[in-house]
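Residue strings, one per chain:
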Amino acid sequence: MTCAQTSMSIEALRQSVHLVDAPTVTALQHTDQVLLGLADGDRPVYLPADPGNVLVATGAGGGTTTVLRTLAAQALHHGAHVDILDIGQRRPSHQWAASLPGVLVHSSISEVHDLLVEMLDRLRQQDTVPPADWRRRRILVIEHTDRLLYGLRQHWALTRPDSQLDDAPGVEALGMLLVAGPHAGLQIAAGSTHLPPRLDAAVSDVFPTRVLAYAGQTLWERIAPEVWPVPPYSVIPGRMHAVQDGRSTRFQALHLSESQARAWARGTVPKEYR
């Protein structure tokens with residue numbers, strides 16, 4: 001395996017990135033791309049135009065929920081349909097999305113199991129969706145992917161104890177959606193420090209974009225093995241790295257609060273910025 005040299009910034013990054021900041025306004029104007037944040041020199045860091053999957057791996061308390069919320073709000077703003085899988089939470093992580101047009105929040109494991117199987121069946125009948133056609137795109141946001149996989153297996157073991165399948169159908173469906181979904185306009189944004197099992201492709205093929213906050217060398221070796229050396233640690237909230245095309249770019253993540261994400265998803269400016 002060939003290791004790529006990490007792209008190290010020599011200019012200071014912003015301590016925070018918000019909608020009201022002039023560089024953020026410029027980065028969001030006249031584009032239908034999803035903004036991750038700002039790199040050195042206020043350079044915007046976007047998701048690629050093609051609907052490739054995104055893996056967000058930040059460790060506990062590292063900002064995974066904030067990144068997923070910011071991505072989902074922008075996708076809704078552009079007209080995509082969004083499904084949020086938020087399982088086993090005492091307090092839902094994505095209350096901001098409740099009752100918004102174009103988004104469904106799924107918290108029942110049985111509901112999620114049926115949804116994944118249904119999405120795979122529908123995928124087999126779909127044609128290719130042009131990347132620019134946001135209204136035909138579907139974004140699947142997964143909070144705590146590890147917990148979801150465990151829940152799917154437990155659900156199947158309890159409801160089908162005599163099953164001879166190698167794995168739960170929901171888990172198998174998710175693995176196939178990750179591989180085959182992008183051509184049909186399905187983009188999965190998963191928060192996890194591990195990959196779903198039974199994926200023969202390399203991590204960079206399944207998740208062409210990976211967003212990491214430093215959480216130890218082991219995490220980097222598992223999620224972004226092509227990046228070397230491991231980027232330096234930062235205690236600044238929202239300081240992350242985007243791994244794309246074999247390169248790691250340090251950036252300050254765009255932060256949308258729950259109220260700001262809700263307003264942006266509706267296509268309006270948050271009231272505190274009016």
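Note: the structure precedes this text.
A quick note: this is a predicted structure, and the numbers were derived from the prediction, not measured.

*Asks:* Hey, could you run me through the sheet that holds strand β7 (residues 138-143) in this one?
*Replies:* Adjacent strands of a sheet form backbone hydrogen bonds with each other and so pair up, either parallel or antiparallel. Read across the open sheet, the 10 strands follow the order β3-β2-β12-β11-β9-β4-β8-β7-β5-β6; overall the sheet is mixed. Two strands bound the open sheet, and with one partner strand each, they are β3 (44-46) and β6 (103-106). Across the sheet, the mean angle separating the axes of adjacent strands is 25° when strand polarity is ignored. In terms of strand pairing, strand β5 (residues 81-86) meets β6 through 4 bridges, oriented parallel. Note that in β6 the partner of D83 across the bridge is L104.

*Asks:* Could you clarify how one ought to interpret the packing of aromatic side chains in this entry?
*Replies:* Each pair of aromatic rings is reported with the distance of its centres and the angle of its planes. Taken as a whole, this structure holds 0 aromatic pairs when the rule is applied. A cation over a ring is seen here: R137 above W134, with NZ or CZ 3.8 Å from the ring centre.

*Asks:* Sorry if this is basic, but what is going on with the pattern of salt bridges here?
*Replies:* Oppositely charged side chains may form a pair once their charged atoms are brought near each other. Taken as a whole and assessed by the stated rule, the structure comprises 8 salt bridges. The partner of E118 in a salt bridge is R122, with the nearest N and O atoms 2.2 Å apart. Taken together, the residues span about one helical turn, with E118 and R122 both in helix α3 (residues 109-123) at a distance of 4 residues. In this structure E118 comes out as partly exposed when scored by relative accessible area, which is 40%. Put simply, R210 and E226 hold a salt bridge, and the shortest N to O gap is 2.8 Å. Within this pair, whereas R210 is found in strand β9 (residues 209-212), its partner E226 is found in the loop between α7 (217-223) and β10 (227-228), the two being separated by 16 residues in sequence.

*Asks:* Teacher, can you tell me more about the pairing of strand β11 (residues 239-244) here?
*Replies:* The buried fraction of β11 amounts to 6 of the 6 residues, a majority that puts the element mostly inside the structure. Neither face of β11 is open: one carries R239, H241 and V243, the other M240, A242 and Q244, and all of them are buried. With 4 bridges joining them, β9 and β11 adopt antiparallel strand pairing. Residue pairing for β11: V211 is matched across the bridge by A242. The hairpin formed by β11 and strand β12 (residues 247-253) contains 2 residues between the paired strands, and D245 there has a positive phi angle of roughly 55°.

*Asks:* In this structure, what is going on with the pairing of β9? I would like to understand it.
*Replies:* One face of the sheet, then the other: side chains in a regular strand alternate in exactly this way. With burial as the criterion, each face of β9 is covered, one bearing T209 and V211 and the other bearing R210 and L212. Of the pairings in the sheet, the one linking strand β4 (residues 54-57) to β9 comprises 4 bridges and is parallel in character. Opposite V56, over in β9, you have V211 as the bridge partner.

Calculation criteria
- Per chain, residues are indexed from 1 in the order of the written sequence.
- Reporting in this predicted model follows two pLDDT cut-offs: at least 70 for local features of residues, and 80 or more for side-chain atom pairs to be given and counted; totals over whole chains, interfaces and linings ignore these cut-offs and use all residues.
- Water and hydrogen atoms play no part in the side-chain values, which are based on all heavy atoms of the structure.
- In this description, strands pair whenever DSSP reports at least two bridges between them.
- The helix and strand labels rest on DSSP assignments: H or I over at least four residues marks a helix, E over at least two residues marks a strand, and numbering proceeds from the N terminus.
- With axes taken as lines fitted to C-alpha atoms, and helix axes fitted only over the stretch in contact, angles between N-to-C directions fall between 0 and 180 degrees.
- Only rings of Phe, Tyr and Trp enter the pairing, Trp through its six-membered ring, and a pair is recorded when the two centres are within 6.5 Å. The plane angle decides the type: under 30 degrees is stacked, over 60 is edge-to-face, the rest tilted.
- Any Lys NZ or Arg CZ that is within 6 Å of a ring centre and within 35 degrees of that ring's normal is treated as a charge sitting over the ring.
- One speaks of a salt bridge when a side-chain nitrogen belonging to Lys or Arg is within 4 Å of a carboxyl oxygen belonging to Asp or Glu.
- Remark: exposure states derive from per-residue accessible area (1.4 Å probe, protein chains only) relative to the maximum for the residue type, with buried under 20%, exposed over 50%, and partly exposed in between.

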